[in-house]
Amino acid sequence: MFRSGQCEWPSSCACSYTKPVSNMLSVETKEESFQMNKYKDGPKKTVRIMTNGYITPTGRYQGDSSYGSASPTYSSPASSTQRVSPTIDLDPDRGTPTSQTSIDQKNSKSDSLRPPSRTSGEITVQKSALKKRTLTKNLKPLFDLLPDDLIIRILSYLPSRQLCRTAGVSRRFYKLSWQPVLWTNIRISGERTDIDRAMKVLTRRLCQETPYVCLSVQKLVLSGCERLGEKGLTLIAQRYPELQHLELSGCTNLTNEALFEIVSKCLQLDYLDISGCPHITCFNLSSEAASESCQLQGQSLRLRHLDMSNCAALDDKGLRTVGLNCPGLQNLYLRRCQRITDEGLKEIANCCSVLKEISVIECRRITDYGMRALSKIGASLRHVSIAKCDQITDLGVHSIAKYCSKLRYLNVRGCAFLTDKAMVDLARGCVRLRSLDIGKCSQVTDQGVTALAIGCMYLRKLSLKGCVLVKDEGIHMMAQYCPELQQLNIQECQVSVEAFKTFKKTCRKCIIEHTNPAFY
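Computed from a predicted structure; not experimentally measured.

Parameters at a glance
- Residues numbered from 1 in each chain as written.
- Predicted model: local features only at pLDDT ≥ 70, side-chain atom pairs only at ≥ 80, totals over all residues.
- Heavy atoms only, no water.
- Core = buried A, V, L, I, M, F, W, Y, C linked by side-chain atoms within 4.5 Å.
- Buried < 20%, exposed > 50% of the residue type's maximum accessible area, 1.4 Å probe, protein only.
- Contact = heavy atoms within 4.5 Å.
- Axes fitted to C-alpha atoms, helices over the stretch in contact; angles between N-to-C directions.
- Helix = DSSP H or I, 4+ residues; strand = E, 2+ residues; numbered from the N terminus.
- Parallel < 35°, antiparallel > 145°, perpendicular 65-115°, else oblique.
- Nonpolar A, V, L, I, M, F, W, Y, C, P; charged D, E, K, R; others polar.
- Salt bridge = Lys/Arg side-chain N within 4 Å of Asp/Glu carboxyl O.
- Patch = residues over 30% accessible without salt bridge, like charges linked within 9 Å, V, L, I, M, F, W, Y side chains within 5 Å.
- Areas by Shrake-Rupley, 256 points an atom, 1.4 Å probe, with all protein chains shown as cover.
- Arc of directions from axis to C-beta.

Caption draft 1: Main features of the nonpolar core. Leu-222, Leu-248, Ile-438, Leu-464 and Phe-503 are the most contacted members of the largest nonpolar core, which has 118 residues in total. Beyond its immediate stretch of four places on either side in the chain, Ile-438 contacts Val-412, Met-423, Val-444, Leu-452, Ser-463, Leu-464 and Cys-467.

Structure below.
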């Protein structure tokens, strides 16, 4: 096309091309390529234009469209007679082609290919969003910024099952979830839980810092775990020497031998709940465990709370063993132990001189003689529950009222032989009584309620449910002498609407339980 820097077009061409051959611009059809060399040994840059075009006699390029920063101005073939003096040269500073034309109007098709212009506001929003995404990507979760001590404090509110699941979140959580301070209390429940295997896994993990023993565990609750067997119980006895609180209620596989091994090796045990274990008779030793009885010689258990409710096999002999081994017992619950008699209560009263609370609900073989033996404990006795012991009469309540002057709670619900005389004895002897339940005592009348109102001014809770002989007079006296009463049950009592309104007006803070629709 160009040779030796001269144009080969006819002489009518107005082209003044004088560039040397070394700085050459060549245009090809279909796939044209601009090759720009600033100098012989300088950098090269190629811009390819995919179009159909040709060179006009003036040296201008004619085509359909243009791409790239070094494209010349295009025009149709019909405009070949127009003389335009283009100058396509290399910028000596940047080494890139420049294009200057004198045409004012640009090709409309070329304009349509350009991206739409953006305002400064749109550019600012896009930059702000990009910056926000970058900052968010670089930020760590806020929970990861918390110190270990604070995370451990948060994890301390989770139950045992949730702690085990939390350990699988990450390595950091695994390390923190197994801190000994989080496993002072272990609570596992469920009838279908393989508790023996669960205790084995927990014990192995918690014994890493202190081999063979778990010194951090102080409270263990396994209530309702029917699959707890000898292996799990033996593991508890051998690996948890600092255990203070143990609940095994509803563990039907618990035996006397396993129980003895636990109480003899866990010498710090203070709270024991074995209610609903039908095989437990006492803390006696079997013939196989008799050789280990030396462990209890010269020392006693530190138990202060013992719940043996619903232990159907417990009898007076077993109760005597309990009393001998637990002289510091303070709370004893023997609900629905049908084989206990007055002799068992006598042994407890003789051995456990600091007993504060006892419950023998539905122990129907207990009589006034047992109440007289129990009253020997004296002023330390604060809570007594003898509900549904239908053989107890006024004489038994008289013994309690005479010797237990600091009694705070008394439940004699269902003792049908009690009369107003028993109420008078309570009003004289137990002036500090706070809670009294005489429901279903059908022989108590307004006279007995009046005596209680005058004598027990500190009374806060009173249940008269089923006392059909109590009427308006007793309610009026109660409102007059016990204005601080907080709870009153008058279901099935012959109380009028006027008496109810009077009492309600006087004792405004009292919650009244009733079944009379007219009171609403």
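Caption draft 2: Spotlight on the packing of helix 14 (residues 446-455) against helix 15 (residues 472-481). Where helix 14 meets helix 15, the closest approach of the two axes is 8 Å, and the angle between their N-to-C directions is 5 degrees. Judged on the interaxial angle alone, helix 15 and helix 14 are roughly parallel. Residues Asp-446, Val-449, Thr-450, Ala-453 and Ile-454 of helix 14 lie in contact with helix 15, whose contacting residues are Asp-472, Glu-473, Gly-474, Met-477, Met-478 and Tyr-481. Broken down by class, the residue content of the contact of helix 14 with helix 15 amounts to six nonpolar, two polar and three charged.

Caption draft 3: Just the pattern of salt bridges, in detail. Inspection of the entire model under this criterion finds 10 salt bridges. Here Glu-362 makes a salt bridge to Lys-388, at a shortest N to O gap of 3.8 Å. You can see Glu-362 sitting in the loop between strand 15 (357-359) and helix 11 (368-374) and its partner Lys-388 sitting in the loop between strand 16 (383-385) and helix 12 (394-403), a full 26 residues away along the chain. Look at Glu-362 and you get buried, because its relative accessible area is 18%. For Lys-388, a relative accessible area of 37% translates into the label partly exposed.

Caption draft 4: Up close: the side chain of Ser-385. Structurally, Ser-385 can be placed in strand 16. The residues contacting Ser-385, other than those within four sequence positions of it, are Ile-358, Ser-359, Val-360, Ile-361, Tyr-409 and Asn-411.

Caption draft 5: Local environment of a nonpolar patch on the surface. Residues Phe-143, Leu-150 and Ile-154 make up a contiguous nonpolar surface patch of roughly 230 Å² in combined accessible area. Note that Phe-143 resides in the loop between helix 2 (120-138) and helix 3 (148-155). Classification of Phe-143 as partly exposed rests on a relative accessible area of 34%.

Caption draft 6: Local environment of helix 16 (residues 497-506). All of the buried residues along helix 16 are Ala-499, Phe-500 and Phe-503. Projection of helix 16 onto a plane perpendicular to its axis shows the buried side chains occupying an angular sector of 100 degrees, all on one side. Opposite its buried face, helix 16 presents the exposed residues Glu-498, Lys-501 and Lys-505, each directed more than 90 degrees away. Elements that come into contact with the buried residues of helix 16 comprise helix 15, strand 20 (487-489) and strand 21 (511-513).

Caption draft 7: Geometry of helix 8 (residues 256-265). The element helix 8 is extensively covered by neighbouring structure, given that eight of its 10 residues are classed as buried. The set of residues buried in helix 8 consists of Asn-256, Ala-258, Leu-259, Phe-260, Glu-261, Ile-262, Val-263 and Ser-264. Residues of helix 8 that are buried in the fold lie against helix 7 (230-239), strand 11 (245-247) and strand 12 (271-273).

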